[in-house]
Amino acid sequence: MSDKPWGGAFEQPTDQLLEQFSESVSFDRRLYAHDVRGSVAHARMLAAVGVLTDDERDQIVDGLVQIGEEIAAGKFEFKTSLEDVHMNIERALTERIGDVGRKLHTGRSRNDQVSTDFRLWIRDSIDRVDRLLKNLQAAFLHRTSLDSGVIVPGYTHMQRAQPVLAAHYWLAYCEKLERDRQRLADCRSRVNQLPLGTAALAGTTIPIDRQMVADELGFEGIVANSLDSSSDRDFALEFAYVLTQIALHLSSWAEEWILWCTTEFNFLKLPDAFCTGSSIMPQKKNPDGLELVRGKSARVVGNLQSLITLTKGLPLAYNRDLQEDKERVFDSADTVEACLELAAPMVAGAELKRESISAGIDRGYLDATTLMEYLIAAGVPQRTAHELIGKLVGTAMKQDCRLADLPLAEFQAAHESLDKSVYDVLGVERAVEAFKSFGSTNPERVAEQVEVWKKRLQN
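Conventions adopted
Numbers given to residues run from 1 along each chain, matching the order in which its sequence is written. Whole-chain, interface and lining totals are the exception, using all residues; otherwise, since this is a predicted model, local features are given only for residues with pLDDT of at least 70 and side-chain atom pairs are given and counted only at 80 or more. Only hydrogens and water are removed before side-chain values are computed, so all heavy atoms of the structure are retained for them. Only DSSP runs of H or I reaching four residues or more are called helices, and only runs of E reaching two or more are called strands; each is numbered from the N terminus. Both definitions apply: the radius of gyration is a C-alpha atom measure, and the globule rule equals 2.2 Å times residues to the power 0.38. Only protein chains enter the area calculation, which uses a 1.4 Å probe; residues under 20% of their type maximum are buried, those over 50% are exposed, and those in between are partly exposed. Note on definitions: a residue-residue contact is assigned when non-hydrogen atoms from the two residues lie within 4.5 Å. Only the protein chains shown count as cover for residues, with accessible areas throughout obtained via the Shrake-Rupley method and a probe of 1.4 Å. The charge count includes Lys and Arg as positive and Asp and Glu as negative, but it does not include His or the ends of the chains. To locate a charge, take NZ of a lysine, CZ of an arginine, CG of an aspartate or CD of a glutamate. Two kinds of site are reported from a 1 Å grid over the protein atoms alone, namely cavities, where a 1.4 Å probe fits but cannot get out, and pockets, open sets with protein on both sides within 12 Å along at least five of seven lines, and residues are called lining when an atom falls within 4 Å of a point. Grid points are joined across faces, edges and corners, and a volume is the space filled by probe spheres set on the points. Side-chain classes are defined by residue name, with Ala, Val, Leu, Ile, Met, Phe, Trp, Tyr, Cys and Pro counting as nonpolar, Asp, Glu, Lys and Arg as charged, and the others, Gly among them, as polar. Here the rule is simple: two strands pair whenever DSSP picks up at least two bridges between them. Lines fitted to C-alpha atoms define the axes here, with helix axes fitted over just the stretch in contact, and angles between the N-to-C directions of these axes take values from 0 to 180 degrees. To sort the angles, those under 35 degrees are grouped as roughly parallel, those over 145 as roughly antiparallel, those from 65 to 115 as roughly perpendicular, and the leftovers as oblique. Should the near helix be turned anticlockwise from the far one by less than a right angle, the crossing is left-handed, and should it be turned clockwise, the crossing is right-handed. For this analysis, a nonpolar core means a set of buried residues of the types Ala, Val, Leu, Ile, Met, Phe, Trp, Tyr and Cys, connected via side-chain atoms within 4.5 Å. Here, a salt bridge means any Lys or Arg side-chain nitrogen found within 4 Å of an Asp or Glu carboxyl oxygen. The span you would expect from a helix comes to 1.5 Å times its residue count less one. The rule is short: rings of Phe, Tyr and Trp, with Trp giving its six-membered ring, pair when the centres are within 6.5 Å, and they are stacked under 30 degrees, edge-to-face over 60, tilted in between. We call a charge positioned over a ring when the NZ of a Lys or the CZ of an Arg lies within 6 Å of the ring centre and within 35 degrees of the ring normal.

S.K.: What should I look at first to understand the overall build of the protein chain in this one?
M.R.: Helices and strands together make up the secondary structure of the protein chain, namely 18 helices and six strands. For the protein chain, whose C-alpha radius of gyration is 30 Å, the value lies well above the compact-globule estimate of 23 Å for 459 residues. Taken over the C-alpha atoms alone, the protein chain extends approximately 100 × 55 × 40 Å along its principal axes. Counting every position in the protein chain, which comprises 459 residues, the buried fraction comes to 48%. Across the protein chain, the fraction of contacts at a sequence separation of at least 24, relative to all contacts at a separation of at least 6, is 75%. Per element, the accessible surface of the protein chain, about 22400 Å² overall, is 51% carbon and sulfur. A distance of 3 Å separates the average location of the 53 positive side-chain charges in the protein chain from that of its 69 negative side-chain charges.

This is the structure in structure tokens:
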């Protein structure tokens, strides 16, 4: 006969091959605190509805708390033969308090139990990631004052396009990270729904009080359909997607800064503490931290793909396949948290190479679009103005000079409306100041946004 807690109908013990193949306690043990918390709330509810006596409730709660403390202290022995974290804790409880411990699982199944634990864990992880995102936003925001007035080239297609304030560039990442935080908050609302009490798939005949458990565990609502509850991993996939989007933003940032650190760009100096050297080339300072942020994003993307594939064809309700969800989510959360922890001090400690940036800022005709819009303001159609300025850029390229270095006669030959006031919009400083639209790199608009972000991040 099987010695498993579910083994009453079995005549043979579990084969060791299956036991090793199917165990999950090697990774789901990190849910132990959430499992204890959920079980304590469940026991208190069972006593409130009369399934347990007050004394039985207290024995169970005290036993669970003691087990949780032992696990936290590294004094608890997990057994593979008990399959998962839930059965390890329940068996330990029963061994300590006897048959009273066998009453704990009344009105629930491991199906709704694991979903509850997982939701609690993800909820905590969301809060940690959100704090780390806010710290990174603060690091970018701080740079707006460190690099006040600095102008850098903005790029499209990796070609120089228009000049932007460095502060405007830093705030762009604040915006990206804010969308990540918004997605996390939105995801959290769907994670924060209690599945416990839906049991295996159809509910329970025991007169449980699910709202009481939801209130004690801080859930915003209760999953309404037991079939859906047992099978649902939308919350895990959504969290994995949000983590993937964060990883993609971090990878894009890392890629750009890797380029900026090269001799070819020479825009940025990273702190030595976040670089490594070469075992053979003594002159090298490699941006390994950034490269690993970029590289680790791949495993987060891969984890999301694994989860999508895992759930793509599962019938209602619970299937053991869902055991495979946790390692992917755990790994994505761990990876993103590690990247965010590294990113904030790197952003705070990096230095823009102002002299190098300034020495090359006039290359690439970054003020050409501003000059085109100057013509448009004088009544020239956009397409006509575009063509005229393109020809002027061609002239400047042939003479190997800036647009601002062309004589007035060249501008007047291009269009009769151009006079000496054309020089008021040429050069990167004047081009930046000429922007007017909300959200642009105009110094006043950027200063307004800096103040907005200061207030936003104070909350």
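S.K.: Before we go on, may I ask you to explain empty space enclosed by the protein in this structure?
M.R.: A water-sized probe, rolled over the atoms, reveals where empty space remains. Counted by the stated rule, this structure contains three cavities of 30 Å³ or more. Of the volumes computed, that of the largest cavity is approximately 70 Å³. Its residues placed into classes, the lining of the largest cavity shows six nonpolar, one polar and three charged.

S.K.: I'm lost on the pairing of strand E2 (residues 159–165) in this one. Help?
M.R.: Remember that side chains alternate between the two faces of the sheet whenever the strand is regular. With six bridges connecting them, strand E1 (residues 151–156) and E2 associate as antiparallel partners. Within E2, the position partnered with Gly154 by the bridge is Gln162. Joining the antiparallel neighbours E1 and E2 is a turn of two residues, in which His157 adopts a positive phi near 55°.

S.K.: Would you mind showing me how to read the packing of helix H14 (residues 368–377) against helix H15 (residues 382–399) here?
M.R.: What describes two packed helices is the angle between their axes and the distance between those same axes. Between H14 and H15, the shortest axis-to-axis distance is 9 Å and the interhelical angle comes to 135°. Here H15 runs oblique to H14, going by the angle between their axes. Both H14 and H15 take part in a crossing whose hand is right-handed. Between H14, through Ala368, Leu371, Met372, Leu375 and Ile376, and H15, the contact on the second element is made entirely by Gln382, Ala385, His386, Leu388, Ile389, Leu392 and Val393. In terms of residue class, the contact of H14 with H15 is made up of 10 nonpolar, two polar and no charged.

S.K.: Can you help me understand the layout of surface pockets in this one?
M.R.: There is about 390 Å³ of room inside the second largest pocket. By residue class, the composition of the lining of the second largest pocket is six nonpolar, four polar and five charged.

S.K.: It is not clear to me how the nonpolar core should be interpreted in this structure. Could you clarify?
M.R.: For soluble globular proteins, the rule of thumb is that nonpolar side chains tend to be buried together. Formed by 106 residues in total, the largest nonpolar core has its most connected members in Ile122, Phe239, Trp253 and Trp257. The leading source of residues in this core is helix H10 (residues 234–260), at 15 residues. Discounting residues that sit within four places of it in the chain, Trp253 has contacts with Phe140, Tyr173, Leu290, Val293, Ala343, Met346 and Val347.

S.K.: It is not clear to me how unusual backbone geometry should be interpreted in this structure. Could you clarify?
M.R.: Across residues other than glycine, the phi torsion is negative in most instances, and most of the peptide bonds are trans. Residue Ala317 is bonded to the preceding Leu316 through a cis peptide linkage, with omega at 5°. In this structure, Ala317 sits in the loop between helix H11 (288–311) and helix H12 (325–349). In this structure, Met158 takes a positive phi of about 60° despite not being glycine. Within the secondary structure layout, Met158 lies in the loop between E1 and E2. With relative accessibility at 47%, the residue Met158 sits in the partly exposed group. Positive phi is not limited to glycine here, since Asp400 has a value of about 55°.

S.K.: Would you take a moment to explain the pattern of salt bridges for this structure?
M.R.: Where charged atoms of side chains with opposite charge meet at close range, the side chains can pair. Using the criterion set out here, one finds 30 salt bridges in the structure. The partner of Asp334 in a salt bridge is Arg30, and the shortest N-O contact between them spans 3.0 Å. Remark: Arg30 occurs in the loop between helix H2 (25–28) and helix H3 (32–48) and Asp334 occurs in helix H12; sequence separation between them is 304 residues. Judged by relative accessible area, which is 35%, Asp334 ranks as partly exposed. By relative accessible area, Arg30 is classed as partly exposed at 32%. Note that Arg57 and Asp58 form a salt bridge whose closest N and O atoms lie 3.1 Å from each other.

S.K.: I'm lost on H10 in this one. Help?
M.R.: Since the α-helix advances by 3.6 residues per turn, residues separated by three or four positions end up pointing in the same direction. The terminal C-alpha atoms of H10 lie 39 Å apart, and with 27 residues this matches the ideal 39 Å at 1.5 Å per residue to within 8%. The buried fraction of H10 amounts to 19 of the 27 residues, a majority that puts the element mostly inside the structure.

S.K.: Could you clarify how one ought to interpret the packing of aromatic side chains in this entry?
M.R.: The description of an aromatic ring pair rests on the distance of the ring centres and on the angle between the ring planes. In this structure the tally under the stated criterion is 15 aromatic pairs. Centre to centre, the rings of Trp253 and Trp257 are 5.3 Å apart; their planes meet at 55°, and the pair counts as tilted. Pair noted here: Trp253 and Trp257 are both in helix H10, with a separation of four residues, about one helical turn. Taken as a pair, Trp253 and Trp257 share a single burial class, namely buried. In this structure an aromatic cluster arises from ring pairing among Phe140, Tyr155, Tyr169, Trp170, Tyr173, Trp253, Trp257, Trp260, Phe265 and Phe267. When the ring centre of Trp121 is taken as origin, the NZ or CZ atom of Arg128, which lies over that ring, is 5.8 Å away.

That is the geometry; function is a separate question.
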